[in-house]
Amino acid sequence: MIRMGIQKSGRLTDKTLSLLKKCGIELNWSKNKLLGQAQGFPLELLMVRDDDIPKLVESGVCDLGIIGENVLSEATTNKEPLCLKLRQLGYGKCRLSFAAPKDFNWQGPSSLQDLRVATSYPNIVKKFLTQYNLSAKIVEISGSVELAPALNIADVVCDIVSTGSTLQANGLKETKEIMQSQSIVIQNPNLDDHDKKKNIDRLLRRIDGVLKAQNNKYVMMNAPRAALQTIKEILPGMEEPSVMPLDEGSDKIAIHAVCQEDLFWETMEKLKEAGASSVLVVPIEKVI
Ligand code: ATP
Ligand code: ZN
């Protein structure tokens, strides 16, 4: 049985549970329970605050954890990484940035010298200041950091930003991004149990399958046989497309292929120009 620490309630919770569900792993226990056995996989889930997960994984209480890269980075104070980073999961994307009042004359990191910086990420800010050989007073605040300048608790802030609308609403402007973050799977660095490792590999294969499927679409169309080569060049398929003849005697074929979603509209237009008709695009649930 593998034990995984996930965020009990917060921005990562629903997406994490939904990812696990797509991996065939379901939970059905009451929300108040902190430790529960998953169905469909030898996995136990520990629901905790995200900040506690790095320590739980480092110490081996949990074998795995899912957190934001920002949380791992904040917990890593020594040179040695405290947990292994196994996968980036693509959700919970945000950045950690400095922000200052709108009229602040920001001239680069040196502007931080001798200021008061409010943040929930004192270790990351300390590392940044050391790197730039600066000294500033770190004011640690656990929430609503963006209020600090207005309350005169700090001159600038260093906080999580996703769209920037919270900063703007509080009269602040983003001045310097210091890290980008998304959710990741972390592992205990000293794990040596053979069966657990095998199950972690199985889980990662399923996660990879879900992530890969999310980025791909299944495309089907009819086209004149003569257009096949052009269509193959247009389709950014994972493999050779499948090609099937339509009615006997017809010069038309059906083409099926897997294609990357981010090329989707552009690709559709080119396919039509190449003579394709009845182009269907459907989501893929799993890939293995
Ligand atoms: P906890 O109670 O577990 O300590 P928290 O308040 O520290 O929760 P959340 O606000 O739930 O944390 O955010 C969890 C993670 O989601 C953050 O560590 C970060 O990686 C990511 N995150 C934070 N803000 C955003 C955002 N606006 N958009 C996307 N992801 C975000
Ligand atoms: Zn937290």
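Residues numbered from 1 in each chain as written. Chains lettered and ligands numbered in written order. Predicted model: local features only at pLDDT ≥ 70, side-chain atom pairs only at ≥ 80, totals over all residues. Heavy atoms only, no water.

1. So, a nonpolar patch on the surface
Here is the rule we go by: Residues qualify for a patch when their relative accessible area is over 30% and they have no salt bridge, like charges being joined within 9 Å and the nonpolar side chains of Val, Leu, Ile, Met, Phe, Trp and Tyr within 5 Å. For every accessible area listed, the method is Shrake-Rupley and the probe measures 1.4 Å; residues are considered covered only by the protein chains on display. We define a salt bridge as a contact between a side-chain nitrogen of Lys or Arg and a carboxyl oxygen of Asp or Glu at a distance within 4 Å. A helix here means a DSSP run of H or I that spans at least four residues, while a strand means a run of E at least two residues long, and both kinds are numbered starting from the N terminus. Here the term buried applies to any residue with accessible area under 20% of the maximum for its type, exposed to any over 50%, and partly exposed to those in between, with areas from a 1.4 Å probe on protein chains only.
Among the surface-exposed residues, Leu-147, Leu-151 and Ile-153 lie close enough to one another that they form a single nonpolar patch of about 260 Å² accessible area. Following the sequence through the fold, Ile-153 ends up in the loop between strand 8 (137–140) and strand 9 (156–161). Take Ile-153: its relative accessible area is 36%, and that puts it in the partly exposed class.

2. Considerations on the domain arrangement of the protein chain
Condition: What counts as a domain boundary in this text is fixed by an automatic or database domain assignment. Contacts are residue-level and defined by heavy atoms, with any inter-residue pair within 4.5 Å sufficient. Here's the idea: put two parts together, see how much 1.4 Å probe accessible area each one loses, and the total over both is what we call buried area. As used in this structure description, the phrase polar contact means that two N or O atoms lie within 3.5 Å; if the pair is within protein, one of them must be able to donate a hydrogen and the other to accept it, and residues adjacent in sequence are counted only when both atoms belong to side chains. Classification convention: Asp, Glu, Lys, Arg as charged; Ala, Val, Leu, Ile, Met, Phe, Trp, Tyr, Cys, Pro as nonpolar; all other residues, Gly among them, as polar.
Looking at the assigned domains, one finds that the protein chain contains domain 1 (2–91 + 183–213), domain 2 (94–181) and domain 3 (217–283). Each of domain 1 and domain 2 has a C-alpha centre, and these two points are 29 Å apart. Listed as interface residues are 7 residues of domain 1 and, on the opposing side, 10 residues of domain 2. Between domain 1 and domain 2, a total of about 730 Å² is buried, with carbon and sulfur atoms accounting for 45% of that surface. Viewed at the interface, domain 2 and domain 1 are joined by 7 residue pairs in polar contact (both at pLDDT 80 or more). Top contributing element to the side of domain 1 that touches domain 2 by residue count: helix 3 (residues 69–75), with 4 residues. Considered class by class, the residues forming the side of domain 1 that touches domain 2 number no nonpolar, 5 polar and 2 charged.

3. Some details on the sheet that holds strand 5 (residues 84–88)
Threshold: What makes two strands pair is DSSP finding at least two bridges between them. Axes here mean lines fitted to C-alpha atoms, for a helix over just the part in contact, with angles spanning 0 to 180 degrees between N-to-C directions.
Across the sheet, 6 strands lie side by side as 2-3-1-4-11-5; this open sheet has mixed pairing. The open sheet has two edge strands with one neighbour each: strand 2 (35–37) and strand 5. Strand after strand, the sheet turns through a mean of 25 degrees between neighbouring axes, direction not considered. Bridge count between strand 2 and strand 3 (residues 43–48): 3 bridges; the pairing is antiparallel.

4. Looking at helix 1 (residues 13–22)
To be explicit about the condition: The arc refers to the directions leading from the helix axis to the C-beta atoms.
For helix 1, the full list of buried residues reads Thr-13, Thr-16, Leu-19 and Leu-20. Down the axis, helix 1 shows its buried residues gathered within 130 degrees of arc, on one side only. Away from its buried face by more than 90 degrees, helix 1 exposes Asp-14 and Lys-21. Turning to helix 1, the residues buried within the fold contact strand 1 (2–7), strand 3, strand 4 (64–68) and helix 6 (194–214). Within two residues after helix 1, Gly-24 carries a phi angle of roughly 85 degrees, on the positive side.

5. Brief notes about the coordination of the zinc ion (ligand 2)
Rules: Listed donors are limited to N, O and S atoms within 2.8 Å of the metal, widened to 3.2 Å for Na, K and Ca; water is not among them, so incomplete-looking sites are possible. Under the classification used here, a metal with four donors is tetrahedral if each angle lies between 85 and 135 degrees, square planar if opposite donors are over 155 degrees apart and the others between 65 and 115, a six-donor metal meeting that same test is octahedral, and anything else is irregular.
At 2.0 Å from the zinc ion (ligand 2) lie its protein donor atoms, namely Asp-50 (OD) and Asp-51 (OD). Around the zinc ion (ligand 2) sit 4 donor atoms, and with donor-metal-donor angles ranging over 75 to 169 degrees the site reads as irregular. Using a relative accessible area of 16% as the deciding quantity, one classes Asp-50 as buried. Given the relative accessible area of 41%, Asp-51 is considered partly exposed.

6. Some thoughts on the side chain of Ser-183
Along the polypeptide, Ser-183 turns up in strand 11 (residues 183–187). For Ser-183, a relative accessible area of 0% puts it in the buried group. When neighbours within four sequence positions are excluded, Ser-183 is seen to be in contact with Leu-12, Ile-67, Gly-68, Arg-87, Gln-88, Leu-89, Gly-90, Tyr-91 and Gly-92.

7. As for the sheet that holds strand 8
Ordered in space as 8-7-9-6-10, the 5 strands form an open sheet in which the pairing is mixed. If you trace the sheet from one side to the other, it starts and ends with strand 8 and strand 10 (172–181), each paired once. For this sheet, the mean angle separating the axes of adjacent strands, direction not counted, is 25 degrees. As paired strands, strand 6 (residues 94–101) and strand 10 are joined by 8 bridges and run antiparallel to one another. What sits directly across from Phe-98, in strand 10, is Lys-176. Taken strand by strand, helix 4 (residues 122–131) contacts strand 6, strand 7 (116–119), strand 8, strand 9 and strand 10, and its axis lies near 170 degrees from that of strand 8.

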